[in-house]
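Spelled out from the first residue to the last, the chains are:
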Amino acid sequence: MKKSLLLGNEAIAFGALKSGISVAAGYPGTPSTEIIETLQRFKDRYVEWSVNEKVAFETAYGASMMGAYSLVTMKHVGLNVASDPLMSSSYTGIDGAFVIVSAQDPSMWSSQNEQDNRYYGLMALIPVIEPYDPQSAYTLTIKAFKLSERVHHPVILATNTRVSHVRGPVEYEEPSSPIFGKLKKKPDKYSLVPEVAKKNREEQLKRWELIQEEIKQFNEIEGEGNKLIIASGIAYSYVKELAPESMKILRISAPVPLNKEQIISALEGVDEVLIIEELEPIVEMQVKNIAFDAGFSIKIHGKDYIPRSGELTPDIVEFALKKFLGLYYEPKAIKIKDIPPRPPAMCPGCPHRSSFVDIKRGITLGGLSQTFFSGDIGCYSLGVLPPFQEQDSLTDMGSSLGIANGVYRSTGVIPVAIIGDSTFFHSGLPALTNAVYNNLPVLVIVLDNRVTAMTGQNPSPSREIDILQVAKGLGVEYVKEIDPFNLKESVKIIADATSWVKQNKKPAVVVAKRACALEVIDKFEELPIAEVKLEKCTGCTICYDYFTCPAIIPREDKKATIDTNLCIGCGACIPICPYQAIELKGKIPKGWDEVWRS
Amino acid sequence: MEKLNILIAGVGGQGVITLGKIIAQSALISGVKALVAETHGLAQRGGAVNVHVRLGEVYSPLIRKADLLVALEATEALRNLSYADENTMIILNERVEKSVLPKIRMLSLEEIKDRLREYKVLSVNADKIAVQGGNPRGTNIVMLSVMMELKLSKFIKEDVLLSLLDERNRKVYLLGKQFIKGWLYAK
């Protein structure tokens, strides 16, 4: 047994290793990414970043069909992409053991919504396990695998930001040998033609009965009294710290499905109940159902005391507890106002900043007087902010092309679809196929920075597969590449592509290719640096107000200066300055250009 | 056992997460439980970031009221004031970093200090001390030495902490220590 400081996600990875996983797949997404990153250090098993969540899911699902122990990881919205095989996996059941990690993001720190994926458990009839700290993330991952193995059914492990991205002491054991599969064929189980599916549906319901029995071991009653607190997942961490000692608490680590007898026995002798859970009333609905059927007439509080939106905080839990215990408590509200906002920004040297400048100038020159910037998910989502404002919508992975189609069909306005390289392969491909197939006049800009950058420079298929060739192969007739730092040339090509789209009423693809700046600076010891020639600088504000590189700072006299700690010497600002007042100094390291352009 | 709640605030890229990690690692080796809640992903790209560090017999990952509110950038102390009360010691790095949004007016250091006048504030030019120590990126380590001197040393051992720092950071740490000792003496 070792004890280390681990991130919740690392603890999940070690739990999976201890369980003997042999195949793991995932698509990066906050807050799930570090699970696969940790597993990749272990070379005696197969671990991959898949092209999207659906393929990742099927990879792990397929492995479990062969009897392997497998894991798939994704962020909560990723499970929407994988929901098709998710539903089937519950019908077929599995051999081996199969755990699905869905990392939720209440409060939407890094997501487009805060959907509660415990609903997927209720819908698909798949048990949901919910850890409450890094140590429980480790232990419950192991228990999830054991459950899956015993009942031959997939299991969802629903972690969240405040488990996955919390560092804490974790006691854990060395990895077990990987349990791979052996070729076996069971078409009467895994080939879901109607005859098999109908039989599977009955089997699935039988397994669900068994799961309701097995699930008891995940939940536990502590303390006693005539008031009961039911705390699900992360809520337990807050309750444990804030509730009076010896209070009766039912800790729920498996909110789906609840066991009827266990809930009834917890409710016996109790006058009033408070259910604390994040987001949706999943436990509350089930407890109320059970209580009603069993004839209890006691007051059950839940979402009347705990908000349905946002993550739990100690303040929220304390307020609910005090109210429940009849104690007076007035939360002290501190008004914080007039603080300059500080949203995240594209990094110094980010090629997307230059691309956004190129696009705006290019389409204007190409004669597109009005357009709709159909955006997508990635670092470039930040293009929604001023001064760029070139993401008029961004709704889900790969949405740029589909939404663009709807915009054009309903308005006749030619849209510009902006999509990153990883997102392009994730789910942009079918939408681009559709654009060719249905003749959509759209200017597609693929921002190809060679990585899945937002989640921490995870690899992207663009390193192996040439997007230009893919677009040509799909039948796109106008395909060109630009270097976003080359302002003049890029504007010219985008303008040309724009007029081509207008004329031909077909899609054109322009690939803006340059490496993620974070990838580049990792590879060099010493960097060049930009310098503002003050005698040439007129204080026009373009570099810091219309280009907004974080390393360019306005002086009191409005002239620009360079923050030497932030500047990475990329030179992207040089063509932006209309007065040629910015120059590079310092030595350009060997291989500099090759790395940027690789 | 006593608990210690530290909220570290700053701008993504300033070493906010690293600072939390160093404290937690030293705590673990010193035999003290530590929980650190971080925000990753989109949150760290030059945006406002905070990290909750909790030491002692703790379960909740998030802080209600901080014993120490450590701002690596002064504006960020204001943004996180809901975690402070009259008992909180606010450690302020005397740096205002421009938000990347265009045409935005930042508050000056004086304006920020003025808004904090009802709180306990320790103001330190950590950037300058870091540069003096030969490591311009060592601002977070200067703040670490101030935290050690004020509250942290009850929970973590200094030799453990020093063993986790490389030589450059050790130098910065010691310079910071000199500063805070001088400050406490003057007080």
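About the cut-offs
- Residues numbered from 1 in each chain as written.
- Chains lettered and ligands numbered in written order.
- Predicted model: local features only at pLDDT ≥ 70, side-chain atom pairs only at ≥ 80, totals over all residues.
- Heavy atoms only, no water.
- Helix = DSSP H or I, 4+ residues; strand = E, 2+ residues; numbered from the N terminus.
- Rg over C-alpha atoms; globule rule 2.2 N^0.38 Å.
- Buried < 20%, exposed > 50% of the residue type's maximum accessible area, 1.4 Å probe, protein only.
- Contact = heavy atoms within 4.5 Å.
- Areas by Shrake-Rupley, 256 points an atom, 1.4 Å probe, with all protein chains shown as cover.
- Lys, Arg positive; Asp, Glu negative; His and termini not counted.
- Charge placed at Lys NZ, Arg CZ, Asp CG, Glu CD.
- Pairing = 2+ DSSP bridges.
- Axes fitted to C-alpha atoms, helices over the stretch in contact; angles between N-to-C directions.
- Core = buried A, V, L, I, M, F, W, Y, C linked by side-chain atoms within 4.5 Å.
- UniProt positions renumbered as here; feature names shortened; annotations may be inferred.
- Expected span 1.5 Å × (residues − 1).
- Arc of directions from axis to C-beta.
- Polar contact = N/O pair within 3.5 Å; in protein donor to acceptor, adjacent residues only side chain to side chain.
- Buried area = accessible area lost by both parts, 1.4 Å probe.
- Salt bridge = Lys/Arg side-chain N within 4 Å of Asp/Glu carboxyl O.
- Disulfide = S-S within 2.5 Å.

Caption draft 1: Highlighting the overall build of chain A. Per the secondary structure count, chain A includes 22 helices and 24 strands. Over its C-alpha atoms chain A spans a radius of gyration of 27 Å, differing by no more than 12% from the 25 Å that the globule rule assigns to 598 residues. By its C-alpha atoms, chain A is 80 × 60 × 50 Å across when sized along the principal axes. Within chain A, the proportion of its 598 residues that are buried is 60%. Taking as baseline every contact in chain A between residues at least 6 positions apart, the subset at least 24 positions apart corresponds to 78%. As displayed, chain A offers around 23700 Å² of accessible surface, 52% of which is attributable to carbon and sulfur atoms. Of the charged side chains in chain A, 65 are positive and 72 negative; the average position of the first set lies 3 Å away from that of the second.

Caption draft 2: How the structure looks around the sheet that holds strand β9 (residues 220-222) of chain A. All names here are of chain A. Here five strands make up an open sheet; going across it, the order is β9-β11-β10-β12-β13 and the pairing mixed. This sheet does not close on itself; its edge strands, each paired only once, are β9 and β13 (299-301). Direction aside, the axes of adjacent strands within the sheet are offset by 20 degrees on average. Across three bridges, β9 lies against strand β11 (residues 248-252) in antiparallel orientation. Counterpart to glutamate 220 in the pairing with β11 is arginine 251.

Caption draft 3: Examining the nonpolar core more closely. Residues and elements named next belong to chain A. One finds Leu39, Phe57, Leu71, Leu86, Ile129, Ile229 and Ile276 to be the most contacted residues of the largest nonpolar core, which totals 88 residues. Among the elements that make up this core, the one with the highest residue count is helix α7 (residues 134-151) (eight residues). Residues Phe356, Ile482, Cys549 and Cys567 belong to the second largest nonpolar core, which totals 80 residues.

Caption draft 4: Focus on the UniProt feature "binding site: [4Fe-4S] cluster 2" (unreviewed entry) in chain A. Residues and elements named next belong to chain A. Residues annotated by UniProt as "binding site: [4Fe-4S] cluster 2" (unreviewed entry) correspond here to Cys549, Cys567, Cys570 and Cys573. Across 25 residues, the annotated set stays spatially compact, with a maximum C-alpha separation of 11.0 Å. Counting through the fold element by element, cysteine 570 comes out in the loop between β23 (560-562) and β24 (582-585). By the secondary structure assignment, cysteine 573 is in the loop between β23 and β24.

Caption draft 5: Examining helix α7 (residues 167-186) of chain B more closely. Residues and elements named next belong to chain B. Between its first and last C-alpha, α7 extends 29 Å over 20 residues, near the 28 Å set by a 1.5 Å rise per residue. Among all positions of α7, only Asn169, Val172, Tyr173, Gly176, Lys177 and Ile180 are buried. End-on, the buried residues of α7 take up no more than an arc of 145 degrees, which puts them together on one face. Facing away from the buried side of α7 by over 90 degrees, the exposed positions are Glu167, Lys171, Gln178, Tyr185 and Ala186. Where α7 is buried, its residues contact β6 (120-124), α4 (126-132), α5 (139-150) and α6 (158-164).

Caption draft 6: Representation of the UniProt feature "binding site: [4Fe-4S] cluster 1" (unreviewed entry) in chain A within the structure. Residues and elements named next belong to chain A. Look at the UniProt record and you will see "binding site: [4Fe-4S] cluster 1" (unreviewed entry) annotated at Cys537, Cys540, Cys543 and Cys577. Despite a sequence span of 41 residues, these residues sit close together in the fold, their greatest C-alpha distance being 10.4 Å. Here cysteine 537 is to be found in the loop between β21 (529-532) and α21 (542-547). Overall, the relative accessible area of 13% leaves cysteine 537 in the buried class. Here cysteine 537 is in contact with Val532, Lys559, Ala560 and Ala581, once residues within four sequence places are set aside. Looking at the secondary structure, you find cysteine 543 in helix α21. If we ignore the near neighbours within four places in the chain, the residues touching cysteine 543 are Thr548, Cys549, Ile552, Ala560 and Ile582.

Caption draft 7: Structural context of the environment of B:Ser60. Counting through the fold element by element, B:Ser60 comes out in the loop between β3 (48-55) and β4 (68-71). What makes B:Ser60 buried here is its relative accessible area of 2%. In this structure, the C-alpha to C-alpha distance between B:Ser60 and B:Leu35, residues 25 residues apart in sequence, is 8.3 Å. Each residue touching B:Ser60, except ones within four places of it in the same chain, is listed here: A:Ser237, A:Tyr238, A:Glu241, A:Pro314, B:Leu35 and B:Arg54. Here B:Leu62 takes part through its backbone oxygen, which lies 2.7 Å from a polar atom of the side chain of B:Ser60.

Caption draft 8: Quick peek at the interface of chain B and chain A. With 55 residues of chain B at the interface, the matching set in chain A holds 61 residues. Overall, the association of chain B and chain A removes approximately 4800 Å² of surface from exposure, summing both partners, and the carbon and sulfur fraction of that is 60%. Here chain B is connected to chain A by eight salt bridges. Between A:Glu318 and B:Arg64 there is a salt bridge whose closest N-O contact spans 3.3 Å. At the boundary of chain B and chain A, one finds 19 residue pairs in polar contact (both at pLDDT 80 or more). Where the side of chain B that touches chain A is concerned, the elements lending two or more residues are α1 (16-29), β2 (34-37), β3 and α2 (74-79) of chain B. Broken down by element, the residue count for the side of chain B that touches chain A peaks at five residues, all from α1(B). Sheet analysis places strand β8 (residues 166-172) of chain A next to β2(B), joined by two bridges and oriented antiparallel.

Caption draft 9: A look at the state of the cysteines. Residues and elements named next belong to chain A. Across all of its chains, the model carries zero disulfides over all chains by this definition. Of all cysteine sulfurs, the one in cysteine 570 lies closest to cysteine 573, which takes part in no disulfide; the gap is 6.2 Å. A residue is classified by how much of its surface remains accessible, and cysteine 573, at 8% relative accessible area, is buried. Cysteine 577 takes part in no disulfide bond, and the closest cysteine sulfur to it belongs to cysteine 540, at a distance of 6.1 Å. You can call cysteine 577 buried: its relative accessible area is 12%.

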